[in-house]
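Here is what each chain is made of, one letter per residue.
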Protein chains: 2
Amino acid sequence: MKIRIAIAGYGNLGRGVECAVKQNSDTELYGVFTRRNPADVKTLTGVDVYSIDDILNHKDKIDVLIICGGSATDLPVQTPEYAKYFNVIDSFDTHAKIPEHFANVDLSAKASGKIALISAGWDPGMFSLNRVYAEAVLPAGKSYTFWGKGVSQGHSDAIRRIDGVLDARQYTIPCDDALDAVRGGKNPELTTRQKHTRECFVVAADGADKARIEREIVTMPNYFADYDTTVHFISMEELKRDHAGIPHGGFVIRSGATGLNGENNHIIEFSLKLDSNPEFTSSVLVAYARAAYRMNAEGMSGCKTVFDVAPAYLSPKSGQELRKELL
Amino acid sequence: MKIRIAIAGYGNLGRGVECAVKQNSDTELYGVFTRRNPADVKTLTGVDVYSIDDILNHKDKIDVLIICGGSATDLPVQTPEYAKYFNVIDSFDTHAKIPEHFANVDLSAKASGKIALISAGWDPGMFSLNRVYAEAVLPAGKSYTFWGKGVSQGHSDAIRRIDGVLDARQYTIPCDDALDAVRGGKNPELTTRQKHTRECFVVAADGADKARIEREIVTMPNYFADYDTTVHFISMEELKRDHAGIPHGGFVIRSGATGLNGENNHIIEFSLKLDSNPEFTSSVLVAYARAAYRMNAEGMSGCKTVFDVAPAYLSPKSGQELRKELL
């Protein structure tokens, strides 16, 4: 029998999960649950759409619920709530609030006897895994995370709020010099400005003061002031043609020494180059849905993160197959 | 109280474990056990050396035994034997025989109630982990493993067995063109020759026929015949000066598609660049010793591989610290 997955929330991430479930022969999509009028939601695969208000009526037909809401306001409410009834997965990514979210979700999941796996995706997620593995293996060392090249939704939104801006796309770009220094084992101390640059493609309204817009962008506190930022004004046509994708990626690198006196150096590097940030995140969510289902079937419950999941749970292959084919 | 680690077998790997234990504040080295006369073994740190024949007398003072023998003849005997009495770790790396080794060790470890973690290191080990994670996350894709640049002990030994060769060092080198094609998402079918080249540094005896030696190397079945191989004749002095290290490394890359029709591509890449192959392997062994100790303390037993170990067990940090600092 296949693992029956349901989606709560049908945006980019929900659509990504819908596609990812199709790629896995041991999972099937039960349906999409939405806050909108189900009749108004057209899915990519034609799977059934239900009102989120009715979800408890489907309780026994769903093995894992993947919650595809936003971290700001949706997940802090939804994940603890649905963990009372379902094995759940979320991609909560407000790093500073993870301990609080974990505690809330853990209470629900322990009480219900379900597994609630939070903060899956690539950062938090695959990048976090690599930080833990690399630090455990090379305790005498230094870790670095670089992001990009990729679209930052938050920074793009910040530009769009500037007066006279019709639309914008912001790319975060890791600095090659910094990457090379880290890979060379130099363990540099890097400032914010030395690690990443920011490149902005902006569509200005007719007659808008471009010099003023550019100044507002590059001096914007928190978002741009600490970076070298480049601003390009382009047409709406160019934006739609050349910047429609949502690529992202990045690098987790640890440089560490071993030997009696630290005489040997080692570099562990993990990187992602993603054509579609939400689709990749969705693929991670589905792999962890498989893990959550199996861990719960073995009697485990409570809130978990990627750190608590043995890798074998993620693969549809048996332990025997994994040892023979991939070890 | 610190985790008390003992070493069985004191070669390059044993010395590496000795150094790695020092780098971890929650582990301490109880001693080295050797088949040699203990009085003849001088350790790097001055830790006690005992005869391996006496090891059962130390049973209650050792939390984890790291077995640093060879995969050909030592580990198939030692790991099942010592798993009867200790939590054990080994770096068994004969890929084809892992299922058999697992079965033998599992019998012992289940009977004793201990944890026996086999095949830890980087390949098998860290590379295996990345193959499993990447395949689980991108099921519609293709995985590649490249090794090097680094010293292959087996290939160096094969050259040394040729008549007229005094010493030799062989480097395995991944081909840049193949790496680039894989990173570019082209999912190429690669022959053995297209993936790696081999470079040999050979010290010939005075008056030896170098043309014959070179021919014997490049045509050697299994080892060199399927590769583009370069042979350099150098002096013993040059070999000792320029080729004393044991560097290694490599790349695990998966390229996979997502989306309703596979329209988006993603590259997951993990790489290692190691100054010292045995010291890095030793560092992995010590991290897994921590995990084995904790898993056994929680009541788990039997044979395990890196696939069965949740990442959190590897880190000295608490779950709370990991979520706050590394998630």
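Per-chain numbering applies: the sequence of each chain, read as written, is numbered from 1 onward. Labels follow written order: the first chain is A, the first ligand is 1, and so on. Reporting in this predicted model follows two pLDDT cut-offs: at least 70 for local features of residues, and 80 or more for side-chain atom pairs to be given and counted; totals over whole chains, interfaces and linings ignore these cut-offs and use all residues. Each side-chain value is derived from all of the structure's non-hydrogen atoms; neither hydrogens nor water enter the calculation.

Colleague: So what's going on with the packing of aromatic side chains? Residues and values would help.
Modeller: Here the aromatic set is Phe, Tyr and Trp, taking the six-membered ring for Trp, and pairing holds for ring centres within 6.5 Å; pairs whose planes are under 30 degrees apart are stacked, those over 60 apart are edge-to-face, and all others are tilted. If you walk through the whole model with that rule in mind, you get 11 aromatic pairs over all chains. Where A:Trp122 meets A:Phe127, the ring centres are 5.3 Å apart and the plane angle is 80°; that geometry is what we call edge-to-face. Partly exposed describes any residue whose relative accessible area lies between the buried limit of under 20% and the exposed limit of over 50%, with all areas from a 1.4 Å probe on protein chains only and scaled to the type maximum. Taking relative accessible area as the criterion, A:Trp122 reaches 7% and is therefore assigned buried. Owing to a relative accessible area of 0%, A:Phe127 belongs among the buried residues under this scheme. Pairing A:Tyr133 with B:Tyr133 gives two aromatic rings, centres 6.2 Å apart and planes at 70°, and the pair type is edge-to-face.

Colleague: Outline the confidence of the model for chain A, listing residues and values.
Modeller: How sure the predictor is of each residue is captured by pLDDT, a score from 0 to 100. For chain A, per-residue confidence averages 97 on the pLDDT scale, and residues scoring 70 or more make up 100% of the total. Predicted as a complex, the structure gets a pTM of 0.97 and an ipTM equal to 0.97.

Colleague: How would you sum up the interface of chain A and chain B? Please name residues and give values.
Modeller: Should any heavy atoms of two residues lie within 4.5 Å, those residues are considered in contact. If you look at the interface, chain A gives 67 residues, while chain B gives 67 residues. What counts as buried area is the accessible surface, traced by a 1.4 Å probe, that two parts surrender upon association, with contributions from both included. For the pairing of chain A and chain B, the buried interface totals around 5,900 Å² over both sides, and the portion due to carbon and sulfur atoms is 64%. When a carboxyl oxygen of Asp or Glu is within 4 Å of a side-chain nitrogen of Lys or Arg, the pair counts as a salt bridge. Inspection of the chain A/chain B interface yields two salt bridges. Of the charged contacts in the structure, one is a salt bridge between B:Glu135 and A:Lys317, with a shortest N-O distance of 2.8 Å.

Colleague: So, the pattern of salt bridges: which residues are in play, and what are the values?
Modeller: Evaluation of the coordinates by the stated rule reveals 32 salt bridges over all chains. Taking the shortest distance from any N to any O, the salt bridge between B:Lys110 and B:Asp106 comes out at 2.7 Å. Of this pair, B:Lys110 and B:Asp106 both sit in helix α3 (residues 98–112), separated by four residues, roughly a single helical turn. The salt bridge involving B:Arg160 is made with B:Asp167; its shortest N-O contact spans 2.6 Å. The class for B:Asp167 is buried, based on a relative accessible area of 16%. Residues joined in a network through salt bridges with shared partners are A:Glu135, B:Lys317 and B:Glu325. Where helices and strands are cited, they refer to DSSP runs of H or I of at least four residues and of E of at least two residues respectively, numbered from the N terminus.

Colleague: Which residues make up the sheet that holds strand β12 (residues 248–258) of chain A, and what values do they have?
Modeller: In a beta sheet, neighbouring strands are held together by backbone hydrogen bonds and run either parallel or antiparallel to one another. When DSSP finds two or more bridges between two strands, those strands count as paired. With antiparallel pairing, the six strands of this open sheet are ordered in space as β7(A)-β12(A)-β13(A)-β13(B)-β12(B)-β7(B). Looking along the sheet, the strands with just one partner apiece sit at the ends: β7 (141–147) of chain A together with β7 (141–147) of chain B. Direction aside, the axes of adjacent strands within the sheet are offset by 10° on average. One ladder, built from seven bridges, connects β7(A) with β12(A); its direction is antiparallel. By the bridge assignment for β12(A), A:Gly141 is matched with A:Gly256. Sitting on the sheet, helix α4 (residues 126–137) of chain A is in contact with β7, β12 and β13 (264–274) of chain A together with β13 (264–274) of chain B, with an inclination near 5° to β12(A). Note on geometry: axes are C-alpha line fits, over the in-contact stretch for helices, and angles between N-to-C directions span 0 to 180 degrees.

Colleague: Please give an account of the nonpolar core that cites residues and values.
Modeller: By convention a nonpolar core is built from buried Ala, Val, Leu, Ile, Met, Phe, Trp, Tyr and Cys residues, the set being connected through side-chain atoms within 4.5 Å. Judged by nonpolar contacts, the single largest core of 156 residues is most densely connected at A:Ile89, A:Phe280, A:Tyr288, B:Ile89, B:Phe280 and B:Tyr288. Apart from residues lying up to four places away in sequence, A:Phe280 is in contact with A:Trp122, A:Met126, A:Leu272, A:Leu274, B:Val137, B:Leu138, B:His266 and B:Ile268.

Colleague: Provide a residue-level description of the pairing of strand β10 (residues 196–204) of chain A, including the pertinent values.
Modeller: Residue and element names in this part refer to chain A. For β10, the tally of buried residues reaches eight of nine residues, placing the bulk of the element in the interior. Across nine bridges, the pairing between strand β9 (residues 165–174) and β10 is antiparallel. Counted as the bridge partner of Arg-169 is Phe-201 from β10. In this structure, β10 lies alongside strand β11 (residues 228–233), joined through six bridges in parallel fashion. Counterpart to Glu-199 in the pairing with β11 is Thr-230. If the strands point away from the viewer and the path from the first strand over the helix to the second runs clockwise, then the crossover is right-handed. Note on the crossover from β10 through helix α8 (residues 210–218) to β11: the handedness is right-handed.

Colleague: Which residues make up the relation of the copies chain A and chain B, and what values go with them?
Modeller: Superposing copies: least-squares fit, C-alpha atoms only, residues required to have pLDDT of at least 70 in both. At an RMSD of 0.0 Å, chain A and chain B line up after a rotation of 180° and a shift of 0.0 Å along the axis. Such a combination of rotation and displacement between the chain copies is what one expects of a two-fold axis. For chain A, the residue whose C-alpha comes nearest the rotation axis is A:Ala310, separated from it by 1.9 Å. When the interface residues of chain A are mapped onto chain B, 100% of them are again interface residues, pointing to one common binding face.

Colleague: Give a description of the packing of helix α2 (residues 75–82) of chain B against α3(B) that names residues and reports values.
Modeller: Residues and elements named next belong to chain B. Look at α2 against α3: their axes get within 7 Å of each other, and the N-to-C directions meet at 25°. Compared by their axis directions, α2 and α3 come out roughly parallel. Crossing of α2 against α3: the hand is right-handed. Between α2, through Leu-75, Pro-76, Thr-79 and Pro-80, and α3, the contact on the second element is made entirely by His-101, Asn-104, Val-105 and Ser-108. Here the term charged refers only to Asp, Glu, Lys and Arg, the term nonpolar to Ala, Val, Leu, Ile, Met, Phe, Trp, Tyr, Cys and Pro, and the term polar to all other amino acids, Gly among them. A per-class count over the contact of α2 with α3 returns four nonpolar, four polar and no charged. Small angles under 35 degrees read as roughly parallel and large ones over 145 as roughly antiparallel, with 65 to 115 read as roughly perpendicular and the rest as oblique. Handedness of each helix crossing follows the sense of rotation of the near helix against the far helix: counterclockwise by less than a right angle gives left-handed, clockwise gives right-handed.

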